[in-house]
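# A look at the structure
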Amino acid sequence: MIVLSVESSCDETSVSITRNGKEVLSNIVLSQIDIHKAYGGVVPEIASREHIKGITMVFEEALNEANIEKKDINLVAVTKGPGLIGSLLVGVNAAKAFAFSNDIDLVGVHHIAGHIYANEISEDLEFPLICLVVSGGHTELVLMKEHYDFEKLGETLDDAVGEAYDKVARTVGLGYPGGPIVDKLAATGNPSYKMPNISLGDTYNFSFSGIKSHVINLVHNINQRNEEVNIPDLCASFQETVSEVLVTKSLKAIKEYDAKMFIIAGGVAANKGLRKKISERITMVNVVVPEFKYCTDNAAMIGIAGYYQYSKNNQTDDMSLNGVSRMNLE
Ligand code: KG4
Ligand code: ZN
């Protein structure tokens, strides 16, 4: 089965062609990061306009690179949420128009299901598995007992981990998106700054607003004393505390649910400090991490998730895309 998929939930316009929920024939990603950088974050109105400008070209490139004719496509999959509403609308309408005019079935895919299924590109998923979702908008621990079955064990009660990374970077003037820069600097620093306890006890929930405020206050206090912040050390301290809590809770879930596999999903899955800690501490199960290019937003992951959603439910969405949500990730 050949799937054409579309992702436009934030600041990446992406179209991909995938085969049988596994093989990526093309995955074109047009990033708007350089445009939003000047504002220190994504400006929703600009994002939707940029999607409109780029989407037709991205569709054409994806079809050309995969060397596929429109008549060969069996399914159209599109991110239907969550995300910036104006941005989502562009991808959703392009996908609907393409599906309708070529008489192809359509499915609307949950963005986080896409991030989770980015792992299937590297390795066949084995169940039960625990997935740590760490993106700019979500932080969740998810149990999957079979394909396309998601049970949320816990989530952040306030900020997402990627959001906290971006805020810390902004506080010390590192630019946008901050996560990768903090990650790089953390590798050159020592975790010498004391950070608050963010464990929230024995639950599967997370909280990152406390550590974010702590970093902001710490930097202000140091500046008021006319002293210099050691930025690599600050990044290392933040990263150590955050990755420790993510790995500790993941380990607890792996043990409690007797998982066969552990996977990570979302933009922060690209974090080298987190990957290192996972490889050192999670040794009792098969650990899969997506390739770097499939960690951040892309349409290939939506195509893989769309394939499994369609195969499992044998159900398509109508053009309103208002179909019942088939998952537990809201
Ligand atoms: O999953 P994603 O591309 O978009 C959402 O669905 O939110 O995640 C973007 C987030 C941003 O907050 C970005 O700073 C963070 O992922 N990120 C990282 C790294 N690469 C991307 N955070 C920490 N370390 C990284 N290497
Ligand atoms: Zn995402």
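Refer to the structure presented above.
Predicted model only: the values in this text are computed from it and were never measured.

Cut-offs and rules
- Residues numbered from 1 in each chain as written.
- Chains lettered and ligands numbered in written order.
- Predicted model: local features only at pLDDT ≥ 70, side-chain atom pairs only at ≥ 80, totals over all residues.
- Heavy atoms only, no water.
- Donors = N, O, S within 2.8 Å, 3.2 Å for Na, K, Ca; no water.
- Helix = DSSP H or I, 4+ residues; strand = E, 2+ residues; numbered from the N terminus.
- Phe/Tyr/Trp six-rings, centres within 6.5 Å; stacked < 30°, edge-to-face > 60°.
- Buried < 20%, exposed > 50% of the residue type's maximum accessible area, 1.4 Å probe, protein only.
- Pairing = 2+ DSSP bridges.
- Axes fitted to C-alpha atoms, helices over the stretch in contact; angles between N-to-C directions.
- Contact = heavy atoms within 4.5 Å.
- Near = heavy atom within 4 Å.
- Nonpolar A, V, L, I, M, F, W, Y, C, P; charged D, E, K, R; others polar.
- Domains from an automatic or database assignment.

This part is about the coordination of the zinc ion (ligand 2). Here the zinc ion (ligand 2) is held by the protein donor atoms His 111 (NE2), His 115 (NE2) and Asp 297 (OD), which lie 2.0 to 2.1 Å from it. Motif for the zinc ion (ligand 2), donor spacing along one chain: H-x3-H-x181-D. Taken together, the residues span a long stretch of sequence, with His 115 in helix α4 (residues 111-122) and Asp 297 in the loop between β10 (286-288) and α10 (299-313) at a distance of 182 residues.

Bringing the packing of aromatic side chains into the picture now. One pass over the full model with this rule turns up seven aromatic pairs. Look at Tyr 165 and Phe 238: their rings are 5.0 Å apart centre to centre, the planes differ by 85°, and that puts the pair in the edge-to-face class. With Tyr 165 in helix α5 (residues 161-171) and Phe 238 in helix α8 (residues 231-256), the pair connects residues that are 73 residues apart, well separated along the chain. Overall, Phe 238 belongs to the buried group, its relative accessible area being 0%. Seen in terms of ring centroids, Tyr 307 and Tyr 308 are 5.1 Å apart; in terms of plane orientation they differ by 85°. Their pairing is edge-to-face. An identical accessibility class is assigned to Tyr 307 and Tyr 308; each is buried.

So, on to the sheet that holds strand β2 (residues 12-19). Pairing is mixed in the open sheet, where five strands are placed in the order β3-β2-β1-β4-β5. Edge positions in the open sheet fall to β3 (23-31) and β5 (105-110), since each of these has one partner strand only. Each neighbouring strand pair of the sheet contributes to a mean axis angle of 20°, computed without reference to strand direction. Note: strand β4 (residues 75-81) against β5, six bridges, orientation parallel. By the bridge assignment for β5, Gly 81 is matched with His 110. Sheet strands touched by helix α2 (residues 44-66): β1 (2-7), β2 and β3. Its angle to β2, the strand with the most contacts, is close to 25°.

Attention shifts here to unusual backbone geometry. With an omega of -10°, the peptide bond between Gly 81 and Pro 82 qualifies as cis. Within the fold, Pro 82 resides in the loop between β4 and α3 (85-102). Although it is not a glycine, Leu 200 sits at a positive phi angle of roughly 55°. Within the element layout of this structure, Leu 200 appears in the loop between α6 (178-186) and α7 (209-224). For Leu 200, a relative accessible area of 36% corresponds to the partly exposed category. The residue Asp 258 is not glycine, and still its phi comes out positive at about 50°. Its place among the elements puts Asp 258 in the loop between α8 and β9 (261-265). With relative accessibility at 62%, the residue Asp 258 sits in the exposed group.

In this section: the site of ligand 1. Around ligand 1, the structure places 19 residues, and the nearest of them are His 115, Gly 136, Asp 166, Gly 267 and Asn 271. For the shell around ligand 1, the secondary-structure elements that each account for two or more residues are α4, α5 and α6. Looking at the shell around ligand 1 residue by residue, the classes come out as five nonpolar, eleven polar and three charged. Here the shell around ligand 1 spans two domains, since at least three of its residues come from each of domain 1 (2-116 + 294-323) and domain 2 (124-290).

Taken together, five strands build an open sheet; the order of strands is β8-β7-β6-β9-β10 and the sheet is mixed. On the outer flanks of this sheet lie β8 (151-155) and β10, each paired with one strand and no other. Between one strand and the next, the sheet's axes are offset by a mean angle of 20°, whatever the strand orientation. Sheet analysis places β9 next to β10, joined by three bridges and oriented parallel. Counted as the bridge partner of Ile 263 is Val 288 from β10. On top of the sheet, α8 reaches β6 (129-134), β7 (139-144), β8 and β9; it is set at about 160° to β6, its chief contact.

So, on to the environment of Ser 8. Along the polypeptide, Ser 8 turns up in the loop between β1 and β2. Owing to a relative accessible area of 2%, Ser 8 belongs among the buried residues under this scheme. For the pair formed by Ser 8 and Val 92, sequence separation is 84 residues and the distance between their alpha carbons is 8.1 Å. If sequence neighbours within four positions are ignored, Ser 8 has contacts with His 51, Ser 87, Leu 88, Val 90 and Gly 91.

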